[in-house]
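Read off the chains here:
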Amino acid sequence: MEVSFFNTIILKTGFVHVYWGHVVMWAIGFAFIYLAVKKDFEPLLLVPIGFGIFIVNLPITPLMGISEGKRELINIFYHYGLEWEVIPPLIFLGVGALTDFGPLIANPKTFLLGAAAQFGVYVTFFGALFLGFGVKEAASIGIIGGADGPTTIYLTAKLAPHLLGPNAIAAYSYMAMVPLIQPPIMRLLTTKEERMIVMKQLRPVSKLEKVLFPLIGTAIICLLVPDSAPLMAMLMLGNLFRECGVVERLAKTSQNELLNIVTIFLGISVGATMKAEGFLHWQPIYIFFLGLVAFGFSTIGGVLLAKFFNLFLKEKINPLIGSAGVSAVPMAARVSQKVGQQANPRNFLLMHAMGPNVAGVIGTATAAGLFLSILR
Amino acid sequence: MIDWSAALKVFAFGFSGVFITLALLMLAITISGYVIAKLSKGNEDT
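These numbers were taken from a predicted model, which means no experiment stands behind them. (Residues numbered from 1 in each chain as written. Chains lettered and ligands numbered in written order. Predicted model: local features only at pLDDT ≥ 70, side-chain atom pairs only at ≥ 80, totals over all residues.)

1. Notes on the overall build of chain A
Helix and strand counts for chain A come out as 21 helices and two strands. Its C-alpha atoms give chain A a radius of gyration of 22 Å, within 12% of the compact-globule value 21 Å for 376 residues. In terms of principal-axis extent, the alpha carbons of chain A reach across some 90 × 45 × 40 Å. By residue count, 55% of the 376 residues in chain A fall in the buried class. (Helix = DSSP H or I, 4+ residues; strand = E, 2+ residues; numbered from the N terminus. Rg over C-alpha atoms; globule rule 2.2 N^0.38 Å. Buried ≥ 20, exposed ≤ 12 C-beta atoms within 10 Å, placed from the backbone.)

Below, the structure is given as structure tokens:
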């Protein structure tokens, strides 16, 4: 009787349910937290994601399942935040409130660099098909090439929710690694003379232009690609808060408190999708490989279009700003600045690169909307 | 088995769609910037 009672108690602890897969996932969770704490790689995301991975792989914990017909704690965050598609648009609201579209308005041709940098999305889409993924899965993997975490999560939750964990992790991991991935490709595709090109200072942008931009942008994109509206409308609303100058409290809340709160729910929910049983097989490995391919080809697309522009332009543009068309804001623009300064220490490309950089955000959300309109 | 028809449709419609959308946005922003500059110059002159 006492032995049986003791056995029951033991079986109700998590220890006896641990298997090697859990241990591997703990190591992955700790690695994420290590990268965030020690290397400062996207800490706002990697800390909650890493912790989410860790706790969801503590066996029989009532966190991510359904017990007695009710969703458990993190499952509630996941269901209402991600499956109901609430969190990615709210993050876009905050991104919009943080983003200055001035460099893009001052040099509108950089919109096209943001479009060209979606090249990796479509190359990876085909790569994923060749590796045996279905069309919807391939689209959700391809969008990693846009280097935009919320858009990746938004599209994956709609088209291939079972890939949410690996896709989100791949997107955020490679976004953090933009300074390592992009420079060799940028140098390979450009000559030193091209990297040394000094660009003319951008014209000042009036307040009226900045206020009109979110209205014009919302109208055009949402009319052309209605499926991108949840992301684009919120991005532009956040930007309108920022630029109109009369709702400072809303702008600050969107930039800070709201963005921080949804980031917590996003991080822990994404991490909690990575249970050992579903994660430790071939698919995530392929996705990580394809994510790298996606970032590489997106960089190539942006740089090559900038070089193509230079065949026709009187005032040449520095092709290094093309690589910033991947939407990792502002890291990709900083990479353009850094590589440009290595070639010419008196070159300041940061503001020029911010144009394609923020165009890339719009381009990736548009690409996601187009995937949805074709595949849903 | 890859559904090539769907895949090619996604590629052609998707990639060109991104370019067309951003090109239209570029055009709209260029025109609105031009109009605003003209109007503000007109106001300064008067």
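Now that the structure is up, let's keep going.
2. Observations concerning the overall build of chain B
Assigned secondary structure in chain B consists of one helix and zero strands. In terms of principal-axis extent, the alpha carbons of chain B reach across some 70 × 10 × 5 Å. In chain B, which comprises 46 residues, the share counted as buried stands at 24%.

3. Some details on the nonpolar core
Ala139(A), Ala368(A), Phe371(A) and Leu22(B) are the most contacted members of the largest nonpolar core, which totals 130 residues. Those residues in contact with Ala368(A) that lie beyond four places of it in its chain are Ile143(A), Thr151(A), Tyr154(A), Leu155(A), Ser228(A) and Leu231(A). (Core = buried A, V, L, I, M, F, W, Y, C linked by C-beta atoms within 7 Å. Contact = placed C-beta atoms within 7 Å.)

4. Concerning unusual backbone geometry
Residues and elements named next belong to chain A. For the peptide bond that leads from Val329 to Pro330, omega is -10 degrees, which places it in the cis range. Phi at Ile60 takes a positive value of approximately 50 degrees, unusual for a residue other than glycine. Here Ile60 is to be found in the loop between α3 (43–56) and β1 (66–67). The class of Ile60 is partly exposed, set by 13 C-beta atoms lying within 10 Å.

5. Things to note about the interface of chain B and chain A
By convention, interface size is frequently given as the accessible area that disappears when the constituent parts associate. Counting residues at the interface gives 26 residues for chain B, matched by 34 residues for chain A. The residue makeup of the side of chain B that touches chain A, split by class, is 17 nonpolar, seven polar and two charged. (Nonpolar A, V, L, I, M, F, W, Y, C, P; charged D, E, K, R; others polar.)

6. Focus: helix α12 (residues 178–189) of chain A
Residue and element names in this part refer to chain A. Over its 12 residues, α12 extends 17 Å from the first C-alpha to the last, a length consistent with the 16 Å expected when each residue adds 1.5 Å. Where α12 is concerned, the buried positions are Val178, Ile181, Gln182 and Met186. Buried residues of α12, viewed axially, fall in a sector of 115 degrees; they line one side. Counted as exposed and oriented over 90 degrees from the buried face of α12: Leu180, Pro184 and Leu188. On the buried face of α12, the contacting elements are α11 (164–176), α19 (282–310) and α20 (331–343). (Expected span 1.5 Å × (residues − 1). Arc of directions from axis to C-beta.)

7. Observations regarding the packing of helix α5 (residues 87–98) of chain A against helix α10 (residues 149–159) of chain A
Residue and element names in this part refer to chain A. Remark: α5 packs on α10, axes separated minimally by 9 Å, with the N-to-C direction vectors making an angle of 160 degrees. One element, α5, and the other, α10, form an angle in the roughly antiparallel class. As for how α5 packs across α10, the hand of that crossing is left-handed. In this structure, α5 uses Pro88, Ile91 and Phe92 to contact α10, whose residues at the interface are Pro150, Thr151, Ile153 and Tyr154. Here the contact of α5 with α10 is composed, by residue class, of six nonpolar, one polar and no charged. (Axes fitted to C-alpha atoms, helices over the stretch in contact; angles between N-to-C directions. Parallel < 35°, antiparallel > 145°, perpendicular 65-115°, else oblique. Left-handed = near helix turned anticlockwise from the far one by under 90°.)

8. Regarding helix α17 (residues 257–272) of chain A
An α-helical segment advances 3.6 residues per turn. Residues three or four places apart therefore align on the same side. Residues and elements named next belong to chain A. Under the 1.5 Å per step criterion, the end-to-end length of α17 is 23 Å for 16 residues, consistent within 8% with the ideal 22 Å. Of all the positions in α17, only Leu259, Val262, Phe265, Leu266, Gly267, Ile268, Ser269, Val270, Gly271 and Ala272 are classed as buried. Tucked inside the fold, the buried residues of α17 contact α3, α4 (73–83), α5, α10, α11 and α16 (248–255).

9. A closer look at the packing of α10(A) against helix α21 (residues 350–375) of chain A
Residue and element names in this part refer to chain A. Packing of α10 against α21 brings their axes to within 10 Å, and their N-to-C directions diverge by 10 degrees. Judged by the inter-axis angle, α10 sits roughly parallel to α21. In contact with Thr151, Tyr154, Leu155, Lys158 and Leu159 of α10, α21 contributes Thr364, Ala365, Ala368, Phe371, Leu372 and Leu375. Each residue belonging to the contact of α10 with α21 can be placed in one class, and the counts come to eight nonpolar, two polar and one charged.

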